[in-house]
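One letter stands for each residue in the lines below.
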Amino acid sequence: MLNACGGNSTAGSNPALSAIARQPPGRSGQRRNAVTRSVRPTSTPATPPLPDNSIPLSQAPERAFLIGVNARETRDLAWPIEDSLDELAQLAETAGAVVVGRTWQRLRDAHPLTYVGKGKLAELTALCQEASADLLIADDELSATQQRSLEEATGLRVADRTTVILDIFAQHAQSREGKLQVELAQARYRLPRLAGEHEALSRLGGGIGLRGPGETRLESDRRRIRRRIAELDRDIATVESQRRVQRRRRARQRVPVIALVGYTNAGKSTLLNALTHSQVRAEDRLFATLDPTTRRLTLPTLRTVLLTDTVGFIRKLPADLVAAFRATLQEVREADVLLHVVDVSHPHALAQALAVFEELEALGAADKLVVTALNKADLLPAPLPTEDLQAHPNPVLISAATRAGFADLLERIEAVLDLGLQPITVTLPYNANDLAQVFRQRGAVEAEEYTRAGLRLEGKIPPELLAMFAPYAS
């Protein structure tokens with residue numbers, strides 16, 4: 001129904017959302033941490049972790065009610081508020097909650113204290129009670145004040161979009177690197193919100209200058225989190241160093257790198273598996289893959305490239321999460337070509353693509369050569385209009401599930417790889433097989449002839465290889 005504050009509200013069970021076992025709420029009035037499921041690396045940290053308030057997943061799932069603000073200052077005309085709440089419902093389901101209702105309000109900007117207006121807040125409280133909700137999830141990142149005010153008004157535990165995304169990442173992180181990066185994002189998110197958790201606590205005793213027993217629990221936890229953040233930063237710096245070594249090793253092999261990028265659940269991992277005959281984990285859910293995976297791919301001209309799958313993007317991706325995953329996302333910045341996978345069957349495919357390019361720009365990778373794989377074309381009810389097709393750079397319609405369009409995709413990848421190549425003709429001694437292999441792998445051979453003087457190759461190579469082949473140029 002349309003409410004007086006300009007939003008739509010619904011309550012009751014949502015049959016489209018399946019119940020995945022997750023932690024139930026705590027006792028009435030007991031405030032939990034904003035991040036409900038923490039991830040620790042396998043090694044024992046030097047700084048003791050903060051208490052983990054998560055509850056075994058065998059318990060009943062939480063009943064989540066969704067709230068959004070359609071703010072005039074930040075309104076996305078390409079992505080209506082109802083569709084944004086649909087995506088939030090997917091996130092909540094992936095995290096393990098059951099969505100029991102939703103509502104939203106149109107405002108000039110979110111209220112700085114209560115997120116929604118006073119009248120809407122009263123309506124929200126009634127709707128949550130009617131739906132027997134025990135968790136309220138906001139579609140935007142809340143400040144500590146907004147979160148605390150909503151908790152006090154509704155009597156529910158309150159989370160936001162960032163909390164849910166972090167929770168999903170915590171569940172799906174498999175490698176030590178992934179767990180380190182998720183924990184760092186969790187710690188950075190939690191630090192400024194500690195005041196709300198500890199506002200009811202008072203000093204234990206002590207005097208000026210005393211620490212330990214004389215400090216507040218809040219001060220103690222803040223210091224412990226800052227120490228843990230510093231430790232995680234050092235550990236991730238080590239990971240970055242290891243990845244730099246791997247990238248230098250690949251650079252010495254002079255094999256082009258193609259990074260798979262795209263909105264979450266667009267089909268990147270499925271495409272990687274189909275192109276390289278691999279069995280990387282691929283599921284039809286948000287953020288199923290967090291850890292980067294690299295496989296070799298042989299193009300039709302026998303040129304070898306490396307195809308790297310990376311973490312998916314999403315609208316309103318938490319800045320702390322992007323910063324924490326800098327080691328993983330460096331693979332995108334270092335790639336020769338980006339293979340942008342778009343779920344062309346999604347009603348907001350173009351908006352999702354624009355969201356990805358916004359994140360690429362923030363990463364400093366917006367100037368990369370791009371091939372767009374318009375995936376899931378087999379699910380289109382009608383042919384894609386030409387103007388929609390041309391809205392993407394170097395578009396190719398494909399289906400990773402049926403392998404349709406793969407020949408065109410590989411041909412387009414080769415064409416884009418050739419854009420930065422320089423023409424050259426060389427005659428290589430027959431004992432220089434390694435140079436011939438480099439030419440074939442990194443360049444494009446247009447003509448090949450066995451002569452008395454040696455192997456004559458005509459084609460194109462990357463500019464950085466010109467000096468290597470200059471002595472043999474003719």
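Above this text you will find the structure in question.
Since the model is a prediction, treat every value here as computed from it, not as a measurement. (Residues numbered from 1 in each chain as written. Predicted model: local features only at pLDDT ≥ 70, side-chain atom pairs only at ≥ 80, totals over all residues. Heavy atoms only, no water.)

Enquirer: Which residues make up the sheet that holds strand 14 (residues 455-461), and what are the values?
Expert: If you walk across this open sheet you meet the three strands as 12-14-13, and the pairing is antiparallel. Since the sheet does not close on itself, it has two edges, and those belong to strand 12 (422-428) and strand 13 (444-450), each with one partner. Looking at each pair of strands side by side, their axes are set apart by 15° on average, direction ignored. As judged from the seven bridges shared by strand 12 and strand 14, these two strands associate in the antiparallel manner. When the bridges of strand 14 are listed, Pro-423 appears paired with Lys-460. Together, strand 12, strand 13 and strand 14 form the strand contacts of helix 14 (residues 433-442), whose direction differs from that of strand 14 by roughly 35°. (Pairing = 2+ DSSP bridges. Helix = DSSP H or I, 4+ residues; strand = E, 2+ residues; numbered from the N terminus. Axes fitted to C-alpha atoms, helices over the stretch in contact; angles between N-to-C directions. Contact = heavy atoms within 4.5 Å.)

Enquirer: Break down the sheet that holds strand 6 (residues 257-262) for me, with residues and values.
Expert: Taken in spatial order, the six strands make up an open sheet running 7-8-6-9-10-11, and their pairing is mixed. Two strands bound the open sheet, and with one partner strand each, they are strand 7 (293-298) and strand 11 (395-397). Ignoring which end each strand starts from, the neighbouring axes of this sheet average 25° apart. As paired elements, strand 9 (residues 337-343) and strand 10 (residues 369-375) share seven bridges and run parallel to each other. Note on strand 10: the bridge partner recorded for Val-341 is Ala-373.

Enquirer: Outline the packing of aromatic side chains, supporting the account with residue identities and numerical values.
Expert: Applying the stated rule across the entire model yields two aromatic pairs. Here the aromatic rings of Tyr-430 and Tyr-450 are separated by 6.2 Å at their centres, their planes lie at 5°, and the arrangement is stacked. Within this pair, whereas Tyr-430 is found in the loop between strand 12 and helix 14, its partner Tyr-450 is found in strand 13, the two being separated by 20 residues in sequence. Here Phe-439 and Phe-469 contribute two aromatic rings whose centre-to-centre distance is 5.5 Å and whose plane-to-plane angle is 85°, an arrangement assigned as edge-to-face. Here the residue Phe-439 occupies a position in helix 14, and Phe-469 occupies one in helix 15 (residues 466-469), the gap between them amounting to 30 residues. (Phe/Tyr/Trp six-rings, centres within 6.5 Å; stacked < 30°, edge-to-face > 60°.)

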